[in-house]
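What the coordinates show
Each chain, letter by letter, is given below.
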Amino acid sequence: MKTDIEIAQEAKMLPIQEVAKRYNINEDDLELYGKYKAKITEEYMQKTKDKPNGKLVLVTAINPTPAGEGKTTTSIGLAQAFHKLGKNCLLALREPSLGPCFGIKGGAAGGGYSQVVPMEELNLHFTGDFHAITSANNLLAALLDNHIQQGNALRIDTRQVLWKRCMDMNDRALRNIVIGLGQKSDGFVREDHFVITVATEIMAILCLANDMADLKERLGRIIVAYDYDGNPVTARQLKAVGAMAALLKDALKPNLIQTLEHTGAIVHGGPFANIAHGCNSVRATKTALKSADYVITEAGFGADLGAEKFFDIKCRISGLKPDAAVLVATIRALKYNGGVSKSDLAKENLDALKRGICNLEKHIENLQKFGVPTVVALNAFLTDAPAEYEYVRDFCESRGCGFSLSKVWELGGEGGVELAKKVLDTLEQKTSDFRPLYPDDIPLKNKIQTIAAEIYGADGVTYSPAAERMLEKLSDLGFGSLPVCIAKTQYSLSDDQTKLGRPSGFTINVRDVYVSAGAGFIVAITGAIMTMPGLSKQPAAYGIDVDDSGKITGLF
């Protein structure tokens, strides 16, 4: 059996100009980055802004397990299937982070015969967007420390510096560091921290900004520290906005590539969903909606994280309104939620499936709370039994939810035709009554409580003393109307990754809170979630190599 990278390397790609023509995107509307990838120009986005929108379909999933779900693969295969049915369809996806590529999760180009290409370039440096974000983040950090060194006219309290440095790699040793050691000219000694690039606020800002003016306004609102009187100090006060915007000028433009079957894919931005809001850029989604009749997009990890944040943060801020949702699951993952070990998932086990399907049930209920018609896509494996399929089908249909098998990993677009027809029927027969989960004007604690109770199924929320104080302070500073972004483990509906299925009788513990004032949301950190991942004992980097001809191996 061929690996994902072997399939991608054997693909016959079209010049990106030919892919673009299918969507009336002319060569003058592109800034080429080689033969097979390009950025879409500002001029194109301006001239299409008054065109009507296509239909927007969100792809999400149950909580991820070691058994695999295939959310990105399903998104890509579904778009290819729309194309096979003669529909004008575009993908809008996130860019992969280098950290997971060399860690344990792997890349984010899909799999099998449902991939976006060029796969190696996408998973490595791509068009340099993440490097630009990293540079802008660290420029702000350097300007902050330089301001302190050069007299500290803003009276920054070095014990209350919030802004962290970043890099796009998993490196646990950089989570907590000390800077400024050495001579007096080397700066003030203080504790500092690193986050991974996909967790920096600048990533969230880039993905939520409408244009350069909006980007600069948001960059200026970033709170980097508090002064000795407890007042916020912003990036605008540090005079950092112009230089940061210059670094982000090209990164602000969405990227166009293609699938293995030459369906267009706009790939742009990539905040983590267990740390940040987990969606590709607003600009990418809006550009796709102006360029195609149907747009397939995805949100990160399970629906409790990615979909909730897509609806409550991205849609609220941007005005986007999804027309349907696709919820991806596998028989294997549901049996894993039912207590079956990974080594026994290939065996037919209807009892375990019945125990574990409660996880799917909760995610169906959650999506219905947002008023969005939902189709369950059951990602098929050769080891699945017909009786298991039928049980899941009956389960979904009895809850007013569409259902379809998906074989897009094995068959590409052809394997997603049944799913595409089911989604098209849903779009034609059901009307989306999309609504966010909570209003803007309720207190921050009420917003957190609403998400915890309605989406996670928690009995309540507890707060550390520090989180209590910060929630009160942020409300006093005028940030109480912002939506909430909860940083939580992706492996469970609770904040304890060991609680599988549909846990009950638990509380969510919020241990820290801070405001991403530029992005426009409050971050509540729960459990043991970390903003700088570490590498595993056997990281994926061990298996990645390049031969004498320049061919990369081991990337997945």
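The following refers to the structure shown.

What counts and what doesn't
Residues numbered from 1 in each chain as written. Predicted model: local features only at pLDDT ≥ 70, side-chain atom pairs only at ≥ 80, totals over all residues. Heavy atoms only, no water. Helix = DSSP H or I, 4+ residues; strand = E, 2+ residues; numbered from the N terminus. Rg over C-alpha atoms; globule rule 2.2 N^0.38 Å. Buried < 20%, exposed > 50% of the residue type's maximum accessible area, 1.4 Å probe, protein only. Contact = heavy atoms within 4.5 Å. Areas by Shrake-Rupley, 256 points an atom, 1.4 Å probe, with all protein chains shown as cover. Lys, Arg positive; Asp, Glu negative; His and termini not counted. Charge placed at Lys NZ, Arg CZ, Asp CG, Glu CD. Expected span 1.5 Å × (residues − 1). Pairing = 2+ DSSP bridges. Axes fitted to C-alpha atoms, helices over the stretch in contact; angles between N-to-C directions. Parallel < 35°, antiparallel > 145°, perpendicular 65-115°, else oblique. Left-handed = near helix turned anticlockwise from the far one by under 90°. Nonpolar A, V, L, I, M, F, W, Y, C, P; charged D, E, K, R; others polar. Polar contact = N/O pair within 3.5 Å; in protein donor to acceptor, adjacent residues only side chain to side chain.

Across its full length, the protein carries 20 helices and 25 strands. The C-alpha atoms of the protein give 23 Å as radius of gyration, which agrees with the globular expectation for 556 residues (24 Å, within 12%). Counting only C-alpha atoms, the protein reaches 70 × 55 × 50 Å along its principal axes. Counting the 556 residues in the protein, one finds 60% classified as buried. A fraction of 74% describes how many contacts in the protein between residues 6 or more apart in sequence connect residues 24 or more apart. Carbon and sulfur atoms provide 50% of the accessible area of the protein, an area that totals close to 21400 Å². If you average the places of the 63 positive and of the 66 negative side-chain charges in the protein, the two averages end up 2 Å apart.

The subject of this paragraph is helix α7 (residues 129–149). Taking 1.5 Å of rise per residue, 21 residues should cover 30 Å, and α7 covers 30 Å from first to last C-alpha, within 8% of that figure. Where α7 terminates, the next one or two residues include G151, which has phi positive at roughly 120°.

Moving on to the side chain of N274. With respect to the secondary-structure elements, N274 resides in the loop between β15 (264–267) and α11 (282–291). Residues in contact with N274, not counting those within four places in the same chain, are F301, L305, K309, A487, K488, Q490 and I529.

Both strand β20 (residues 460–463) and strand β22 (residues 507–516) contribute to a ladder of 4 bridges, which runs parallel. Bridge pairing in β22 places G460 opposite T507. By the bridge criterion, 6 bridges tie β22 to strand β23 (residues 521–526) in an arrangement that is antiparallel. From the neighbouring strand, V510 faces β23, where its bridge partner is T526.

Take the sheet that holds strand β7 (residues 156–161) next. Read from one edge of the open sheet, 3 strands run β7-β12-β13, paired in antiparallel fashion. Looking at strand neighbours, the two that pair on one side only are β7 and β13 (232–234), the edges of this open sheet. The average undirected angle you get between the axes of adjacent strands in this sheet is 50°. Bridging between β7 and strand β12 (residues 223–227) involves 2 bridges; their strand directions are antiparallel. Of the residues in β12, the one forming a bridge with V161 is A225.

Where α7 meets helix α10 (residues 241–248), the axes come as close as 8 Å, and the angle between the chain directions of the two elements is 165°. What the angle tells us is that α7 and α10 run roughly antiparallel. α10 is crossed by α7, and the crossing has right-handed handedness. Contact residues: α7 offers A132, I133, S135, A136, L139 and L140, while α10 offers A243, M244, L247 and L248. Of the residues that constitute the contact of α7 with α10, the class distribution is 9 nonpolar, 1 polar and no charged.

Let us look at the sheet that holds β23. With mixed pairing, the 4 strands of this open sheet are ordered in space as β20-β22-β23-β21. For this open sheet the edge positions go to β20 and β21 (484–487), each flanked by a neighbour on one side alone. Taken pair by pair, the neighbouring strands of this sheet meet at an average axis angle of 40°, ignoring direction. The strands touched by helix α19 (residues 444–456) within the sheet are β20, β21, β22 and β23, with β21 carrying the most contacts at an inclination of about 55°.

In this structure, S494 sits in the loop between β21 and β22. In this structure the side chain of S494 is engaged in a polar contact, spanning 3.0 Å, whose partner is the backbone nitrogen of D496. Setting aside chain neighbours within four positions, we find S494 in contact with K488, T489, K499, P503, F506 and I508.

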